[in-house]
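# Observations on the model geometry
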Amino acid sequence: MNKIYVILFFALFALPGFAQLPGSEQLNREDMLPEIELGIKTVSTGNFYSNQGNASLAIPVLNEGDQVLSDFSDSYFLIGARQKLYKGWRGQMVLGFSFPDANSGLGQVFYNQVMALVENKNNIIRIGRTTSQTILGEFNTIRDDDALQYTYVLNPFSNGLNTEDNQYANVLEYTRIFGQRLYVTLHAENYQDFEEPNDYSINGLGGSIIYRQPESQLWNRNFLREIGFSWNNFLLDRSDLAPNADSNETLTSFIGNATFSILPDPVHFVDFKVQGIYNDGLSTIENITDYTSYTRSRSTAAFGMLRYLNRKLERPNFQIAAGFGYKDFSNTDGNTNQYMAIGNFLYRVGNNFDLIFQYRYNKNNGALQPLLGESQHRVQIGLAYTFNKLFNSQFDGRNSLLNLEHGYIK
Amino acid sequence: MDRRNFLATGAVSTAGMLFFPGNLLAESAKEANKQRLTQPLPFKKNGEWKEFELYIDIKVHEPAPGFKYHTLAFNDMIPGPEIRVDYGDKVRVKFKNKTGINHTIHWHGIYVPWRMDGVPYVSQLPVMPENEFIYEFEAKPVGTHFYHCHWGTVMHMQAGMFGSIIVEDPDDPIKKQFPYEREYTLVYGAHDVNYIRNEMNRMLDRMKERNYLMKEGRFDPERWAVFNNHDQFAESIKNGWEPPYALSRRAPASLPQADWFTVNGKSYPETPYLFIKSGEKIRVRLINAGAEIHNLHLHGHDFWMVADDGIPLSHPWKRNTVPLTPGKTFDIIIEGDNRGIWTFHDHDTRKVTNNGLYPGGNLLALVYEDLPEDELIITKHSGNTMFNKGMGMEGMDMDMGKPMNMDKMLFGDDKLPKIALDE
């Protein structure tokens, strides 16, 4: 495995643009005014839970019975800066935090983005804490983690008390772009390990190939918007930390996804997103007794979501989406599986300001019931406000209409 | 030839190929300068009509070496080609829209029939993508005028949709009073390239969506904010429709703040030169197709103001600085009575910048062709003993342990003018 690290290190760092390191006064004298972008989202909902069955996982919203709470998780604040570099490259940094679920063990805020990247027309190098490659694409749920158990490759080092462990990681990532549509990525991660929270060594490796129609091409009305495949490996070799634990084991998962524009109509827009995850699991795990065995068992998950978007006056008016997920654990006794039905409605009351409603039903069967409870109804009603503001605009994005259709400008 | 001379000769040759100013008295420099001037638009004669063809397309434009941005360009050039006709000619311009956004052409200063005035939804419908419109008018009045797009004018004009139209008077009183052989057209522009980029992307995106619906005949006045009359407009507001300006729905974050300033689409050091000879009079047609005032000042001369908005002045007057306001045209006559190389530039020096850095923008030069090349040599004619040959610092020990070739460092190929850019 050490060879892989060496190759990865050179692949990522033995490239132009890394010749200078900060640290001397002289290097810091240049006076630059970069592009500065603010991104802010607030998702505030009143949540009603109705749970059946006792869950051993210590998450309060899984407790049996009914609950009502105020939820502002998944809200975030991001600030980014970017500028032109030498020889046609661009550099960017992003700093940001989000608000995790209550009692998640992450504190009041979670610094989910502390990242720098350099890029040119065909290459992106990303280093730091950012969104991990445990999902391909995005689904139209109110919060990114609403269907987490079906849409993400779950972090096998997590204790299951928060969702951020699955969504974010400290990454070293290189992407090569072919024809402005095909993204080939190699990545290495340090996923948060609840047993060793101060261990920042690489414990994930993987790659992906994604064909992605740029967003600016939406009205060219292609049926296939995105199709991708990825391969993720969690390196479970913890023998140095826990000599009696499983050693030299790798947990491998595969993801496939696709997004189709079923009806690419500017007024009545319909699309369908689907994703499947196969987690090869560890052969030694034959039963699910805790969250660790839940993430390390062989499983197959599928999730699909159909969306109707009504656009009025060239802006979203309302949106209705419905999804269904199913996850099966084939190596586990007792017909162990789970499924989810989810539906939501968003109504736009002003630019970027939405009234939101979402209903979700989740059912766990077999060995999952003692861990996650039997079933849960959840209803959410609230408000969401999102905006991005770019100051001191200086250059165009890779996927703008001008750059894609009228000649890319460095 | 020793190595030092060889290197110097090599540098000069390369400079000549690149048309650096040091060689601007060479014949090749004058030839290259033609590309910096307005390009004539040829016409076909069809009966009594002079027929021109204009098209508009999106183009990557380079106002100064190393900086590019997307523009809207008539016939792939900025400014658009120059239409030159005689007074009273019947002019037919076939306009083809090759872009994904709407356009029109407004004939600024020309007495066109009102339906040819190019104002969308006032005198005509916009020329949609891949559509054509034929403009017909009689060439009146005489003088220096220009044409420009009148759709999304704030962005489209900045993006390059302008060009000159000259109506010549066979009995031109200006030419009689100031006999001249050569004339130049200088079209001034001011561009917020970031605004242009963002707005053009936005417009293209919107039009992709609109085109889809238009092809299906699903026109909706409120969706496009285009109403048949004021009653329909008022009725929509009464029924709860909120106009875009009330919500800043599509408004850019701020109004444009120009950061590039061009003459004939180019910024210094790519701006055109005005060549003149001692004793010669040249006519310069100044057009402001941008939204900024340009206070144009000529060094070392007063010039004659001979026409205002194309209208000949019965009593020309002399100035050395004139405020060329947006939409304005001036004609001036420069008399070659002070041999040299003289800059002609905006005296609001904020506009002699490229992306905020001076020098740049609309800085250009009046160049006397009969200036002896000898006068360009720095060490011979500087008037400063420090720079005079033999009195310089060549060979001086700068207390750094070894002699330095200061002449070479300071003077380069020992010629003026040079290109010097701030960092």
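This text goes with the structure placed above it.
Residues numbered from 1 in each chain as written. Chains lettered and ligands numbered in written order. Predicted model: local features only at pLDDT ≥ 70, side-chain atom pairs only at ≥ 80, totals over all residues. Heavy atoms only, no water.

### A look at the side chain of glutamine 124 of chain B
Residues and elements named next belong to chain B. In this fold, glutamine 124 is placed in the loop between strand 6 (106–108) and strand 7 (132–138). One polar contact links glutamine 124 to tyrosine 135, side chain to side chain, over a distance of 2.7 Å. Residue contacts for glutamine 124: discarding those within four places in its chain leaves Thr104, Arg115, Gly118, Val119, Phe133 and Tyr135. (Helix = DSSP H or I, 4+ residues; strand = E, 2+ residues; numbered from the N terminus. Polar contact = N/O pair within 3.5 Å; in protein donor to acceptor, adjacent residues only side chain to side chain. Contact = heavy atoms within 4.5 Å.)

### Regarding the sheet that holds strand 15 (residues 303–308) of chain B
All names here are of chain B. With mixed pairing, the 6 strands of this open sheet are ordered in space as 11-10-13-18-15-16. Unpaired on one side and paired on the other, strand 11 (260–263) and strand 16 (311–319) mark the two borders of the sheet. Across the sheet, the mean angle separating the axes of adjacent strands is 25° when strand polarity is ignored. By the bridge criterion, 7 bridges tie strand 10 (residues 182–191) to strand 13 (residues 281–288) in an arrangement that is parallel. Counterpart to arginine 182 in the pairing with strand 13 is isoleucine 282. (Pairing = 2+ DSSP bridges. Axes fitted to C-alpha atoms, helices over the stretch in contact; angles between N-to-C directions.)

### Focus on unusual backbone geometry
Residues and elements named next belong to chain B. A cis geometry characterises the amide bond from isoleucine 78 onward to proline 79, with omega recorded as -5°. Take proline 79: it is sitting in the loop between strand 3 (67–74) and strand 4 (80–86). With an omega of -10°, the peptide bond running from leucine 416 to proline 417 counts as cis. Even without a glycine there, the phi angle at asparagine 75 is positive, about 50°. By the secondary structure assignment, asparagine 75 is in the loop between strand 3 and strand 4. Even without a glycine there, the phi angle at aspartate 309 is positive, about 55°. Along the chain, the position of aspartate 309 falls in the loop between strand 15 and strand 16.

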